[in-house]
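# Topology and contacts: notes
Listed here are the chains, written in short residue letters.
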Amino acid sequence: MTDPVSGSASGRVPSTEGSSAEGAAAPRRFRVHHLRQAKERGKPLTMLTAYDAVTAPIFDEAGIDMLLVGDSIGNTMHGHPTTIPVTVDEMIPAVRAVARSTRRAMVIADLPFGSYEAGPDQCLATAVRMLKEAGAHAVKFEGGAHLTEHVALLTRSGIPVVAHLGFTPQSENLLGGKRVQGRGQDAAEKLVGDALELANAGAVAVVLEMVPGAVAARVTEVIDVPTIGIGAGADVDGQVLVWTDMAGMTSWSPRFSRRFGDVGAELHNAARSYAEAVREKSFPTSEHTFES
C-alpha cells in the first residue's frame, strides 16, 4: 500500500484504496493524520492554490498534498487589488469545483474577510458552509492567539483548522501593506507564542507567510503540527505558493516565489496561433467539420 506522505515513485497520484469503474485503483485521500506523519518523518509537504476544475485535477495528478482554495482568488481571478472584497458566496463555487474535480489532495477553504472575526459562532457557521455546501476537508483563517476559541470550537465540531500567521493579507490595511512580520525579538516571540496557542487549541497546521527564516524555524521546532511556509525560508515542514506565481502566469511574481514554468507565455502563443489560423482560414478544416 502506497503512503500518501511518501507518494509514488513516479511522482503521480499513489493508488491505495478503492477502485474506479475501469478497475484502476483509486488514490488515497490525503488527510489530517498524514500531516502529522509527514512532520514526524521529515517529509516535506506540498500545497498550491487552486480555484477551478481545470487546474485543480492537474495539480492533484501531480501529487500535490493540499490544494488551498484561497481568498487570493480575489487578486488572481477577480481582478481585485486585495483579498478583502472576496465574499463567502464567491468562495463556495470555487471550493466546490476544486473538491469535485480532485481525488487525492486535501482541499482547504479560506474563510474570507468578515466571515469569522465577529466570534466563534460566526466562524463555525461559515466553516460549516464550506464543508456542507462546497465539500472542503478543512478551513483556513488568519490571525493569532485571539482566535484560539474559534479554533477550539471548530475542532470540537469536527472541522480541521489551518491557522495563518505572519503577513495576513486580510489585515493589509492595519499592517501598512505587504510587509515582513516577526522581525525583532518582541515580534518574533509573539509570533511563536501565537503559533503555540493555535496549535494547542487544535489547529492541524500553521501557514507562515513572509516571516524571517529563523523565526519560522523556531516555530517549526516548538509546535507539534506542520508549518507551511510562503516566504518563510526552507526550515519549515512544507511550502505553499499561489499557482499563478508558480507557473509563470504573470509578468511579475513575489520575491519569495519561483517560476517553475512559463505557462502564461505558452497560453499567449496558443491564443495567437489560434487567431492567425482563423484569420488565414486554415482552421477549421474538413477534419474539424461534421458531414451531413
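Residues numbered from 1 in each chain as written. Predicted model: local features only at pLDDT ≥ 70, side-chain atom pairs only at ≥ 80, totals over all residues. Heavy atoms only, no water.

## So, the overall build of the protein
Helices and strands together make up the secondary structure of the protein, namely eleven helices and ten strands. Relative to the globule expectation of 19 Å for 292 residues, the C-alpha radius of gyration of the protein, 20 Å, shows essentially globular dimensions. The burial tally for the protein puts 49% of its 292 residues in the buried class. For the protein, the proportion of contacts with a sequence separation of at least 24, taken over those separated by at least 6, is 57%. On the protein, roughly 14,600 Å² of surface is accessible, and the fraction owed to carbon and sulfur atoms is 53%. With 27 positive and 34 negative side-chain charges, the protein shows a spacing of 2 Å between the two charge centroids. (Helix = DSSP H or I, 4+ residues; strand = E, 2+ residues; numbered from the N terminus. Rg over C-alpha atoms; globule rule 2.2 N^0.38 Å. Buried < 20%, exposed > 50% of the residue type's maximum accessible area, 1.4 Å probe, protein only. Contact = heavy atoms within 4.5 Å. Areas by Shrake-Rupley, 256 points an atom, 1.4 Å probe, with all protein chains shown as cover. Lys, Arg positive; Asp, Glu negative; His and termini not counted. Charge placed at Lys NZ, Arg CZ, Asp CG, Glu CD.)

## Concerning the UniProt feature "active site" (unreviewed entry) in the protein
As recorded in UniProt, the feature "active site" (unreviewed entry) lies at Glu209. Given a relative accessible area of 10%, Glu209 falls into the buried group. Excluding its chain neighbours within four sequence positions, the residues that come into contact with Glu209 are His164, Leu165, Gly166, Phe167, Pro169 and Ile230. (UniProt positions renumbered as here; feature names shortened; annotations may be inferred.)

## Observations concerning the side chain of Thr244
For Thr244, the location among the structural elements is in helix α10 (residues 243-246). Among residues more than four places away in sequence, those in contact with Thr244 are Thr76, Met77, Met249 and Thr250.

## Thoughts on the packing of helix α6 (residues 148-156) against helix α8 (residues 185-201)
Packing of α6 against α8 brings their axes to within 8 Å, and their N-to-C directions diverge by 20°. Comparing their axes, α8 and α6 come out roughly parallel. Viewed along their axes, α6 and α8 form a crossing whose handedness is right-handed. Taking contact as the criterion, the partners of Thr148, Val151, Ala152 and Thr155 in α6 are, on α8, Glu197, Leu198 and Ala201. By residue class, the composition of the contact of α6 with α8 is four nonpolar, two polar and one charged. (Axes fitted to C-alpha atoms, helices over the stretch in contact; angles between N-to-C directions. Parallel < 35°, antiparallel > 145°, perpendicular 65-115°, else oblique. Left-handed = near helix turned anticlockwise from the far one by under 90°. Nonpolar A, V, L, I, M, F, W, Y, C, P; charged D, E, K, R; others polar.)

## Considerations on helix α11 (residues 263-280)
For α11, with 18 residues, the first-to-last C-alpha span of 26 Å sits near the 26 Å given by 1.5 Å per residue. For α11, the full list of buried residues reads Gly264, Ala275 and Ala277. What you see down the axis of α11 is that its buried residues fit within an arc of 165°, all on one side. With respect to the buried face of α11, the exposed residues turned more than 90 degrees away are Glu266 and Glu280. Directly beyond the C-terminal end of α11, a positive phi value near 60° is found at Lys281. (Expected span 1.5 Å × (residues − 1). Arc of directions from axis to C-beta.)

## Details of the environment of Thr102
For Thr102, the position within the fold is in the loop between α4 (88-101) and β5 (106-110). Residue classification places Thr102 among the buried positions, given a relative accessible area of 4%.

## Let's talk about the layout of surface pockets
Vacant regions in the atomic arrangement are exposed by a probe of water-molecule size rolled over the atoms. Here the largest pocket is characterised by a volume of approximately 720 Å³. Lining the largest pocket are 31 residues, with Ser72, Asn75, Val242, Asp245 and Pro254 sitting closest to its centre. Residue assignment for the lining of the largest pocket shows that the elements contributing at least two residues are α3 (73-76), β6 (138-142), β8 (205-209), β10 (238-241) and α10. Across the lining of the largest pocket, the residue classes break down as twelve nonpolar, eleven polar and eight charged. (1 Å grid on protein atoms, 1.4 Å probe; cavity = no way out; pocket = protein on both sides within 12 Å on 5 of 7 lines; lining within 4 Å. Points joined across faces, edges and corners; volume = space filled by probe spheres on them.)

## Concerning the packing of aromatic side chains
Using the criterion set out here, one finds three aromatic pairs in the structure. Look at Tyr274 and Phe283: their rings are 6.3 Å apart centre to centre, the planes differ by 65°, and that puts the pair in the edge-to-face class. (Phe/Tyr/Trp six-rings, centres within 6.5 Å; stacked < 30°, edge-to-face > 60°.)

## Some remarks on the pattern of salt bridges
Summed over all chains, the structure comprises eleven salt bridges. Of the charged contacts in the structure, one is a salt bridge between Asp224 and Arg36, with a shortest N-O distance of 3.8 Å. Taken together, the residues span a long stretch of sequence, with Asp224 in the loop between α9 (213-222) and β9 (227-230) and Arg36 in helix α1 (residues 32-41) at a distance of 188 residues. A residue is classified by how much of its surface remains accessible, and Asp224, at 47% relative accessible area, is partly exposed. Salt bridges linked by common partners bring Asp89, Arg129 and Glu133 together as one network. (Salt bridge = Lys/Arg side-chain N within 4 Å of Asp/Glu carboxyl O.)

## Focus: the confidence of the model for the protein
The predicted model of the protein has a mean per-residue pLDDT of 93, with 92% of residues at 70 or higher. Predicted confidence for residues 8-22 stays below pLDDT 50, and this span has 36 contacts to residues more than four positions away or in other chains. (pLDDT = per-residue confidence, 0-100.)

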